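So you can see what is in the structure, the chains are spelled out below.
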Amino acid sequence: MSDITYSGQTPVPPPEVVEEHHPHHPFLQHHFEDLGQQHEASTLGMWTFLTTEILFFGGIMLAYWVYRLAYPDAWSVASTLQNTRLGGINTIVLITSSLTMALAVREAQLGRRLRIVAMLFLTLIFGSLFLGIKMYEYHAHWVEGLFPGTAWHWNENPDLAPKIQLFMTFYWGMTALHALHMVIGAGLLLWFMWRAWKDQFGPEYYGPVEVMGLYWHFVDIVWIFLYPFLYLIHGHKH
Amino acid sequence: MSTSQTLYDVRSVEPARTRNYLNEDYGFFSWVLTRDHKRIAILYLISVSVMFVIGGFFAMMMRLELLTPEGDLLTSDTYNKFFTMHGIVMIFFFLIPVIPAVLGNFLLPIMLGAKDLAFPRINLLSWYLYVIAAVVGLVVIVTGGVDTGWTFYTPFSTQYSNTHVFGTTFAGFIAGFSSILTGLNFIVTTHRMRAPGLTWYRLPLFVWSMYATAIVQLLATPVLAITLIMLMIERTLGVGFFDPALGGDPVLYQHMFWFYSHPAVYIMILPAMGVASEVVAAFTRKRIFGYKFVAFSSLAIAFLGFLVWAHHLFVAGISVYSAMIFAFLSFAVAIPSAIKVFNWTATLYKASVSWQTPMLYIMGFIGLFTIGGVTGLFLASLGLDIHVTDTYFVVAHFHYVMVGGTVMAYLAGIHYWWPKITGRMYPEWWARLAALLVFVGFNLTFFPQFVLGYLGMPRRYHAYAPEFQVLNVLSSAGASVLAIGYALPIVYLLWSLKNGRPAGINPWGAVGLEWTTSSPPPKENFHQTPVVTWEAYDYPGLLKAMGETQNV
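Residues numbered from 1 in each chain as written. Chains lettered and ligands numbered in written order. Predicted model: local features only at pLDDT ≥ 70, side-chain atom pairs only at ≥ 80, totals over all residues.

**Considerations on the overall build of chain A**
Helix and strand counts for chain A stand at six helices and one strand. In sequence order, the secondary structure elements of chain A are arranged as β-α-α-α-α-α-α. Considering chain A as a whole, with its 238 residues, one finds that 36% of them fall into the buried category. In chain A, the proportion of contacts linking residues at least 24 apart, taken out of those at least 6 apart, comes to 79%. (Helix = DSSP H or I, 4+ residues; strand = E, 2+ residues; numbered from the N terminus. Buried ≥ 20, exposed ≤ 12 C-beta atoms within 10 Å, placed from the backbone. Contact = placed C-beta atoms within 7 Å.)

**Let's talk about the overall build of chain B**
Looking only at helices and strands, one finds 16 helices and one strand in chain B. In summary, chain B has a C-alpha radius of gyration of 23 Å against a globular reference of 24 Å for 552 residues, a match within 12%. Its C-alpha atoms give chain B principal-axis dimensions of about 80 × 45 × 45 Å. Taken across its 552 residues, chain B has 58% of its residues classed as buried. Contacts in chain B between residues far apart in sequence, at least 24 positions, make up 85% of those at least 6 positions apart. (Rg over C-alpha atoms; globule rule 2.2 N^0.38 Å.)

**Re the confidence of the model for chain B**
Residue and element names in this part refer to chain B. For chain B, per-residue confidence averages 93 on the pLDDT scale, and residues scoring 70 or more make up 97% of the total. Below a pLDDT of 50 lies the segment residues 1-10, which in the model reaches 34 contacts outside its immediate sequence neighbourhood of four places, other chains included. Both scores are available for the predicted complex, with the pTM at 0.93 and the ipTM at 0.91. (pLDDT = per-residue confidence, 0-100.)

**With respect to the nonpolar core**
Residues and elements named next belong to chain B. Formed by 233 residues in total, the largest nonpolar core has its most connected members in A276, V279, I362, F365 and A412. For this core, the element with the highest residue contribution is helix α3 (residues 76-111), accounting for 23 residues. Apart from the residues within four sequence positions on either side, A412 is in contact with V275, V279, P358, Y361, I362 and F365. (Core = buried A, V, L, I, M, F, W, Y, C linked by C-beta atoms within 7 Å.)

**Thoughts on the confidence of the model for chain A**
Here chain A shows a mean pLDDT of 89. Residues at 70 or above account for 89%. Per-residue pLDDT stays below 50 along residues 13-18 of chain A; that stretch engages in seven contacts with residues further than four places along the chain or on separate chains.

**Notes on unusual backbone geometry**
All names here are of chain B. A cis amide bond links T154 with the next residue in sequence, P155, at an omega value of -5°. Note on placement: P155 falls in the loop between α4 (120-142) and α5 (156-160). For the bond from S519 to P520, the omega torsion is -10°, close enough to zero to count as cis. Positionally, P520 belongs in the loop between α15 (469-499) and α16 (539-551). You will see that N525, though not glycine, has its phi angle at about 75°, which is positive. Inspection of the secondary structure puts N525 in the loop between α15 and α16. For N525, a count of 25 C-beta atoms within 10 Å translates into the label buried. Here Y537, not a glycine, exhibits a phi torsion of approximately 55°, which is positive. Structurally, the position occupied by Y537 is in the loop between α15 and α16. Residue classification places Y537 among the buried residues on the basis of 26 C-beta atoms within 10 Å.

Here it is in structure tokens:
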């Protein structure tokens, strides 16, 4: 029986046969065939991850919309409590950071070491500026008593106050989750600046910067939704 | 290219004498820092087995309590905690990861002819997240437990329960990330790392079902994550996403929870269906009837599974029109599920079946899953659902799917691939005995619960009316048989690690890339990247080749 063979499948070489190793790129991981496959895998990996992120933010946005449609008056008043100007400035800051991030990817493709570092640094600066302005807004809300729970003491509109508190719970929850993603992105930027400084990226190997860029743009896009949801849509004027 | 595969390899080298993933490297850190998908599968195997024993302990204590109508062994509070922790441990820490993270981890790259999953470090990270979640869960259990039921319904979970809701939901949240990362790895690996010639329609059906599972993991789990975050915020800060006092809606919580947790049922059952397809083909030595139908029915289940969640809310006050639509969509899921059952049956038709242990389990799986699925249709019927909501009928139904379905198929899979994983055979006689005990014990445990539920015994109470005692005693007796059936494999599989007969490359004479490499496989899975030129389950070609050899 041991000699029955089947001509459809591949042979099993004896275990002693060891695959010969070709010299390859230092960042090619052993389980990929080539850098192209590695690049495609990591890009698809990030897109797949971003899909889960869409569902993650989508869940809380769904809840936000359920209540927005149920309580249009409270939501309308609550939107006017936001600092639209600072939110707008922050939107511009974040879009600018996406531009510098995209330029960093471009420089990585061209392999210009110092320019990659510079563009990543600029992205980090704009990201930090965004977080700084956000902190200022948080502080202002805290002082006004617009932090839900026991710290709540905003009571200008007693009828709508409970539902405005519900709105503010979404405000803090959604913007804090967004800010957390920004902080993670900032950490990645520091790491990538160090890698770029070590001259690890170039025309052959720029995938990680591109993948990092996808993440950064996604976090940017989340804010593009949050800004109108939380600041701009007033329903009708009071 | 001259190609050949040895069938019934009787060279059967002692596993220790080949270079393989087990003896590539030694020591504690070579395991806990490994990036080899096969070793990570073993780490998962050990972890989920531990959690299974813990979850089983709670089940046994409940069945012991329910021997008598009086609530005499456990107080009602303790009983609440026990059914909650039984559910949480079994669902989040056993059923969700068991087949993908153990068998899928081990087999997916090998079935694709790849050296590893696309992201080995993320794969290891997913195991660490699982362990962190499990440790948090165990700390919760040891320090007093949780009593909300595994569904954490608000407002009980946010305002009234004085048990460890936060810790438990946090554990669920972390376990969710582990599940997401596994799914992400499977999707990318299936898309980007198939061997040359391995087209989608040449993939084993196990890979199709893993792919469909991964889609559900990726799209459903993040919604659970955000829901649990909202619950944790609400409980900790005393603010209300779901608090009626602030205009919040507890039913919204149920919608968001079941948007994950119903598809999660398909995270548990789709991999089981994949195992069934592999085992049915191998032990009938036939190509699976209607390959493409079986493949696409996995995707159809994954898709439709997202559209049925509100059938858990029929009594929660949703509108009758949306209830009707969700009832209809729930019926629709039965179609792709039935397609699978019919195609397995058609494969079995006029086949000469080898009744070895994996096939015994799969025969049990097909029958029990069918009962579980059909009673699911009872529950999807609006009028009947109201009668049996929150009764033992529901308990029996989902145990037929989860335990009769997923656990049976997992046991089939672990026996079928045990020779590949360890290089040694399990003892066939003991394994058949265990399969028989599991089947008998399972039915004895859960069939009486259908009757109990239909007669009106509510779930989640430690005491019950005396007229239900006979059926409850039967159920508890069945649970004892089931426990022995589950304990046996733990003993003889461990025994076989040292004493099992060396398995050789292909002990079943099965077709598939995993049966072309040595047992256990080398670290890089294949000594050279395979080139696939044959269809999946090419048993006709194999039988022809055997016939030719005999004529020579």
